[in-house]
Amino acid sequence: MAHFGNYDDFCKDFSWSIAEKELEFDKNRPFNIGWHCSDRICNMGNGSKKALIWEGLGGKKKEYTYNDLRDRSNVIGTFLRSLGVQPEDRVCLFMDKIPELYIGFLGILKIGAIAQPLFSAFGDESLFVRLDNAGTSAIITQRKHVAKVRKIVDRLPNLKHIIIVDHDGKKSIKENEIAFNMDEAPIVSDFHVHPTTADSPSVLHYTSGTTGLPKGVKHVHYSLISQYLTTKWVLDLHDDDIYWCTADPGWVTGTSYGIIGPFSMGVTQCVMDVGFSADAWYNFIQNQHVTVWYSAPTAIRSLMKAGEETVKKYDLSSLRHLASVGEPLNAEAVIWSEKAYGKAFHDTYWQTETGSIMISNFPGMTIKPGSMGKPFPGITAGIVDVKTHEQITEPGRAGLIAFRPGWPAMMREYWKNPSAYESKFVKGWYLPGDRSSIDKDGYFWFIGRDDDVINTGGHLVGPFEIESALLEHPAVAESAVVGKPDPVNMEVVKAFVTVKPGFEPGQDLELQIMNFIRKKLSPLAMPQEIEFIDSLPKTRSGKIMRRILHAREWGEEIGDTSTLEDDE
Ligand code: WTA
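This is a predicted model, so every value here is computed, not measured.

Draft legend 1. View of the pairing of strand 3 (residues 90-94). Of all 5 residues that make up strand 3, 5 are buried, and the element is covered over most of its length. Here strand 3 pairs with strand 4 (residues 114-117) via 4 bridges, running parallel. Residue pairing across strands places leucine 93 opposite proline 117, the latter belonging to strand 4. Where the polypeptide runs from strand 3 across helix 6 (residues 99-110) and back to strand 4, its parallel neighbour, the crossover connection is right-handed. Inspection of the sheet shows strand 3 paired to strand 5 (residues 138-141) by 4 bridges, in the parallel sense. For cysteine 92, the partnering residue across the bridge sits in strand 5 and is isoleucine 139.

Okay, structure coming up:
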């Protein structure tokens, strides 16, 4: 039996106090996500239950029970405290999907510090801007990534501790670096969880916008209330489930639903730190007996490409519930998954700023393939006019998605950027920056983003960061970056560049520029193509109009450019 039942019944009389009660929340008492995800499960008598099953490259395997999660997160917390890390200090996690990332996250929260997870494929410049903005004081990383940290540490006066989790501390460790072995460090018996409250900061995730540098999205411990309840009702986790969230905790899905949601419910989850291949993924599901699988459209489209023949080689009968997030889940993917796995992927919609699922297809609800589903109970969602921001009530008419603020996992600020935060709220609505319509049955249909952010394979890439990297190359005079269509990743990055006098556009220069920016950016943000053009389309005031280049790539009508110019 699914936890969720009739949609209208669940919306009627909904209150977040349902989750508050289940989690024994008391606003006058400390509330800490790290404690809820480990100690509480042990206190409920489930300490010996498996919490994390991990598989890495070369067949490496590790398992941790909830007792281990509690003990090892205490060990990490104690170690950080011994270095002088204080509550609310930012501690960056810069690692592959290894156990230290998951358990370190809980340890950081337990000492009241702020966890700042960053995708380990980021290049040094992408890493720098995020550590610089956050004023991060410690970073936990691996030998294979420490070179990137070494390159930038001199420009980061606040970064005092570089902790390497897979170093023996002997050869080649530098003065400001410290080796730490999570599995071998002795257990600490007298650990005290910092008495964080509902409003204490917990996680800082960076997300890209159209303009300016990436923004730090600050969440608080109270976010657990909606992360827990959405995990329960939308992902439908039960005590005996084996859950697999394919997202990397460098991104919000990997923390909200790859750490906090499942561990707060005391469920067993498995993690595979091996690159994508259809065979490797199916093998993992088969061997681990995965029951609930939370993934993303790009992966699903890649699995579709591998075909039903590949599916048939494996026993995937353990699968009970499938969900997807991050980009539009096309109707074909939903229909195909139903045919290939006997289960349809349930689309879910949310974003870093919302912290938890906002719109989704609930278990048991009729799926309309291609639709994102309906708002979570307690979420007031609507569509507002793009210009006037007046609510649109007419079914099928497109506008901006809008939410009434006030759900527990809502971001509390953009780090040191109050004006960007305020700009997200208009006429009492929070605007996530996406366009959609609602049909007569209340289902949301995604249309597209309302800004120039590129969503490639479910990862948001801000054009500004790539354009800035391009401009650092001596040959580049101007640059504009847009998304171009791609059958698997939905869109990929394309750069337009004008060159300075004395430089010859062509393949050689393209290669040189690519090599130059590769070191600075993450592989996701790398343009698939650089097109040299004589001049970029601009407004009268000289602003580059990415939208014209975008329309050209997508074969869309450009329309009246004079109004576009006025818009800018
Ligand atoms: C997009 C990821 C269509 C959207 C959790 C959103 C989606 C951005 C969907 C957030 C979906 C997310 N259908 N588009 N089901 N889910 N998006 O912050 O543009 O990395 O604003 O959070 O991804 O991406 P973020």
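Draft legend 2. Structural context of the pattern of salt bridges. Under the defined criterion, the tally for this structure stands at 39 salt bridges. Of the charged contacts in the structure, one is a salt bridge between lysine 12 and aspartate 9, with a shortest N-O distance of 3.8 Å. Taking relative accessible area as the criterion, lysine 12 reaches 54% and is therefore assigned exposed. You can call aspartate 9 partly exposed: its relative accessible area is 45%. The network of salt bridges with shared partners includes Lys484, Lys494, Glu529, Glu531, Arg552 and Glu553.

Draft legend 3. Geometry of the site of the ligand. Taken together, the neighbourhood of the ligand is formed by 18 residues, with Asp347, Thr348, Gln351, Thr352 and Asp434 sitting nearest. The side chain of threonine 352 places a nitrogen or oxygen atom 2.5 Å from an oxygen atom of the ligand. The side chain of aspartate 434 places a nitrogen or oxygen atom 2.6 Å from an oxygen atom of the ligand. Burial of the ligand by the surrounding chains reaches 97%, relative to a free accessible area of 540 Å². Of all the secondary structure elements, the ones that give two or more residues to the shell around the ligand are helix 10 (252-264), strand 14 (345-349) and strand 24 (444-449).

Draft legend 4. Structural view of the sheet that holds strand 13 (residues 321-324). The 9 strands lie next to each other as 2-1-11-10-12-13-14-15-16, forming an open sheet whose pairing is mixed. Because the sheet does not close on itself, it has two edges, and the strands there are strand 2 (61-65) and strand 16 (374-375). The sheet contact formed by strand 15 (residues 359-360) and strand 16 spans 2 bridges and is antiparallel. From the neighbouring strand, isoleucine 359 faces strand 16, where its bridge partner is proline 375. Set on the sheet, helix 11 (residues 278-288) makes contact with strand 1 (50-55), strand 10 (242-245), strand 11 (268-272) and strand 12 (292-295); between it and strand 11 the angle comes to about 155 degrees.

Draft legend 5. Layout of the sheet that holds strand 28 (residues 490-499). Here 3 strands make up an open sheet; going across it, the order is 27-28-29 and the pairing mixed. Strand pairing shows two members of the sheet lacking a second neighbour, strand 27 (476-486) and strand 29 (529-532), which therefore form its edges. The sheet shows a mean angle of 25 degrees between the axes of neighbouring strands, direction not considered. The sheet contact formed by strand 27 and strand 28 spans 10 bridges and is antiparallel. The partner of alanine 480 across the bridge, within strand 28, is phenylalanine 496. In the packing of helix 17 (residues 546-554) onto the sheet, contacts are made with strand 27, strand 28 and strand 29, and the angle to strand 27 comes to roughly 40 degrees.

Draft legend 6. The domain arrangement of the protein, seen in detail. Looking at the assigned domains, one finds that the protein contains domain 1 (7-436) and domain 2 (454-554). Here domain 1 and domain 2 have C-alpha centroids that lie 30 Å from each other. Counting residues at the interface gives 25 residues for domain 1, matched by 21 residues for domain 2. Taken together, the two surfaces of domain 1 and domain 2 that pack against each other cover about 1700 Å², and 56% of this comes from carbon and sulfur. If you look at where domain 1 meets domain 2, you find 1 salt bridge. Ionic pairing is found between glutamate 465 and arginine 130, a salt bridge with its closest N-O pair at 2.9 Å. Remark: the boundary between domain 1 and domain 2 carries 7 residue pairs in polar contact (both at pLDDT 80 or more). Of all the secondary structure elements, the ones that give two or more residues to the side of domain 1 that touches domain 2 are helix 7 (124-134) and helix 12 (297-312). Considering each element in turn, the side of domain 1 that touches domain 2 owes the most residues, 5 residues, to helix 7. By residue class, the composition of the side of domain 1 that touches domain 2 is 8 nonpolar, 11 polar and 6 charged.

Definitions and cut-offs
Residues numbered from 1 in each chain as written. Predicted model: local features only at pLDDT ≥ 70, side-chain atom pairs only at ≥ 80, totals over all residues. Heavy atoms only, no water. Buried < 20%, exposed > 50% of the residue type's maximum accessible area, 1.4 Å probe, protein only. Helix = DSSP H or I, 4+ residues; strand = E, 2+ residues; numbered from the N terminus. Pairing = 2+ DSSP bridges. Right-handed = clockwise from strand over helix to strand, strands pointing away. Salt bridge = Lys/Arg side-chain N within 4 Å of Asp/Glu carboxyl O. Near = heavy atom within 4 Å. Polar contact = N/O pair within 3.5 Å; in protein donor to acceptor, adjacent residues only side chain to side chain. Areas by Shrake-Rupley, 256 points an atom, 1.4 Å probe, with all protein chains shown as cover. Contact = heavy atoms within 4.5 Å. Axes fitted to C-alpha atoms, helices over the stretch in contact; angles between N-to-C directions. Domains from an automatic or database assignment. Buried area = accessible area lost by both parts, 1.4 Å probe. Nonpolar A, V, L, I, M, F, W, Y, C, P; charged D, E, K, R; others polar.

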